[in-house]
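Breakdown of the fold
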Amino acid sequence: MIVKAFPQDFVWGVSTSAYQVEGAWNEDGKGESIWDRFCHTPYRIANGDTGDIACDHYHRMPEDVALMKELGVKGYRFSIAWTRIFPDGKGKVNPKGLDFYDRLVDELGKAGILANATLNHWDLPQALQDLGGWANRDTTDRFAEYARVMFDRLGDRVALWATHNEPVVVTSGYLGGSMAPGLADASVAYRVAHHLNLAHGKAVQVFRQGGYPGKIGIVLDLQNYIPESDSEADVLATQRMLDHSHHLFLDPIFKRQYPQGLMEWLGTIAPQPQEGDMEIISTPIDFLGLNYYFTLKVRYEPWGGLLKAAARPFSAPMWSQTEMGWGVHPEGLTAILLKLRNHYGNPDIYITENGTAAPDQPDEHGFVQDRERIAYLRRHLIAAHDAIQQGVNLRGYFVWSFMDNFEWALGYRPRFGIVRVDYATQKRIPKLSAYWYREVIRQNAVWE
Ligand code: GBH
């Protein structure tokens, strides 16, 4: 057996997001978000599920943090519901909303768990959506105001801040498909992407001006896209997919420019930065958050939408697709980490999400022996370790997810947790993977 030891101070964490776990959707002065609105619209979400109650984390937070501590977890990545802070997106701050996150970071502090807070995990205030949402440039200033309030209140105790989670998914909410706000207008989608970048940059500037002690970055989902063949058409289609899902965000932040090929391809609907925007967007960050789940093979497809590309999941030999239909390919994680080392200045990186949904089979006590999930996590940790050996500055790893939760348009059916949630009783039952992860953390290593 080969021991794959991780660096000292490696942060072993778990991840969730506000809308997916908190519930209490209209309590203590919380305003309506676009995900509240979306879920309350018939036929948007599988089974008519909503995040109204979710895991009731809003009321069970202290017990949840206690369980994290019991499992030996060193870091907790959560997101802040913007609508608890600014119920109407702007104007008066809601003190009860602030109090909740204040208590959360205090609880984490007492448990010796590092706080990793994301400001935007997709739940934009509906009041701002009514003014155009991310298509409206003013939203970037509203975001910077909200960021300042959070930095002022929690900045002394939060170690890692992220501006957005997966801005490409927010963009896709304007391109059609299954994400809020559920619009379909390619002519605004890339303006949305630009405003997300600009809002990110403005929040980073606010953070720098305030001189807060933590670190700030952004969380991108960078899945591994590879061409189906080496034909020129497939290679170019892959390039467009990568430009759309990776470089549209990475390049402005790290290279102060949009990907040229995509700009030409999009023509009049491409992002149109104003004077000074690119300087704001490229304000240096302290770390990059990486969400990695799967590999896709891409081919040229004349009917493949705006990008004329189609993708199918690719699983490495011995793996099948996950319950989500995603391809399992741990080497893809190494590849993405090396790409960031080679082409984006070898930044400090945290894997902010990685995990899998498996059809868990609980026994009569609700206990789940999720060996598939353990195999997935183990292989991805080995892949991450390979990247560290090759000089990647990987500082931590957060499993998605701490507990089963609301999986967006798919509702509660997919279960990503290392802790099972029995939604009828809200009982938390650690799965076998939780005990396995506790051991990984204790040893600071995985075995091959
Ligand atoms: C993450 O999304 C989310 O951050 C998290 O909230 C979620 O629960 C978790 O994964 C599990 O799904 O064509 O632009 O819509 C990562 C998965 C992969 C979701 C790519 C969107 C399609 C991109 N993402 N997927 S897009």
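Cut-off values and rules
Residues numbered from 1 in each chain as written. Predicted model: local features only at pLDDT ≥ 70, side-chain atom pairs only at ≥ 80, totals over all residues. Heavy atoms only, no water. Helix = DSSP H or I, 4+ residues; strand = E, 2+ residues; numbered from the N terminus. Rg over C-alpha atoms; globule rule 2.2 N^0.38 Å. Buried < 20%, exposed > 50% of the residue type's maximum accessible area, 1.4 Å probe, protein only. Contact = heavy atoms within 4.5 Å. Areas by Shrake-Rupley, 256 points an atom, 1.4 Å probe, with all protein chains shown as cover. Lys, Arg positive; Asp, Glu negative; His and termini not counted. Charge placed at Lys NZ, Arg CZ, Asp CG, Glu CD. UniProt positions renumbered as here; feature names shortened; annotations may be inferred. Salt bridge = Lys/Arg side-chain N within 4 Å of Asp/Glu carboxyl O.

Section: the overall build of the protein chain
Of regular secondary structure, the protein chain possesses 15 helices and 15 strands. For 448 residues, the compact-globule estimate of 2.2 N^0.38 gives 22 Å, and the C-alpha radius of gyration of the protein chain, at 21 Å, lies within 12% of that figure. Burial statistics for the protein chain: of 448 residues in total, 62% are counted as buried. Considering only contacts in the protein chain between residues 6 or more positions apart, those separated by 24 or more positions represent 77%. For the protein chain, the accessible surface area stands at approximately 17,000 Å², while carbon and sulfur atoms represent 51% of it. Of the side chains in the protein chain, 45 bear a positive and 54 a negative charge, and the two mean positions are spaced by 2 Å.

Quick look at the UniProt feature "active site" (unreviewed entry) in the protein chain
Taking the numbering used here, the UniProt-annotated feature "active site" (unreviewed entry) corresponds to Glu 166 and Glu 353. Taken along the chain, the residues just named run across 188 residues; in space they keep tight, none of their C-alpha pairs more than 10.6 Å apart. Here Glu 166 shows up in the loop between β5 (160-165) and α8 (167-172). Judged by relative accessible area, which is 7%, Glu 166 ranks as buried. As for its placement among the helices and strands, Glu 353 is situated in strand β11 (residues 349-353). Setting aside residues no more than four positions away along its own chain, Glu 353 makes contact with Ser 15, Arg 77, His 121, Asn 165, Glu 166, Leu 290, Asn 291, Tyr 292, Tyr 293, Phe 398 and Trp 400.

Here we look at the pattern of salt bridges
Within this structure, the stated rule accounts for 30 salt bridges. When the shortest N-O distance is used, the salt bridge between Lys 110 and Glu 107 registers 3.6 Å. Of this pair, Lys 110 and Glu 107 both sit in helix α5 (residues 95-111), 3 residues apart, roughly one helical turn. Within the structure, one salt-bridge network assembled from shared partners comprises Asp 99, Asp 102, Asp 106, Arg 153, Asp 156 and Arg 157.

Points about the environment of Asp 370
Secondary-structure assignment places Asp 370 in the loop between β11 and α14 (371-389). The exposure class assigned to Asp 370 is buried, which follows from its relative accessible area of 4%. Here the alpha-carbon distance between Asp 370 and Asp 348, two residues 22 residues apart in the chain, equals 31 Å. Excluding anything up to four places from it in sequence, Asp 370 contacts Asp 360, Gly 417, Lys 431, Leu 432 and Ser 433.

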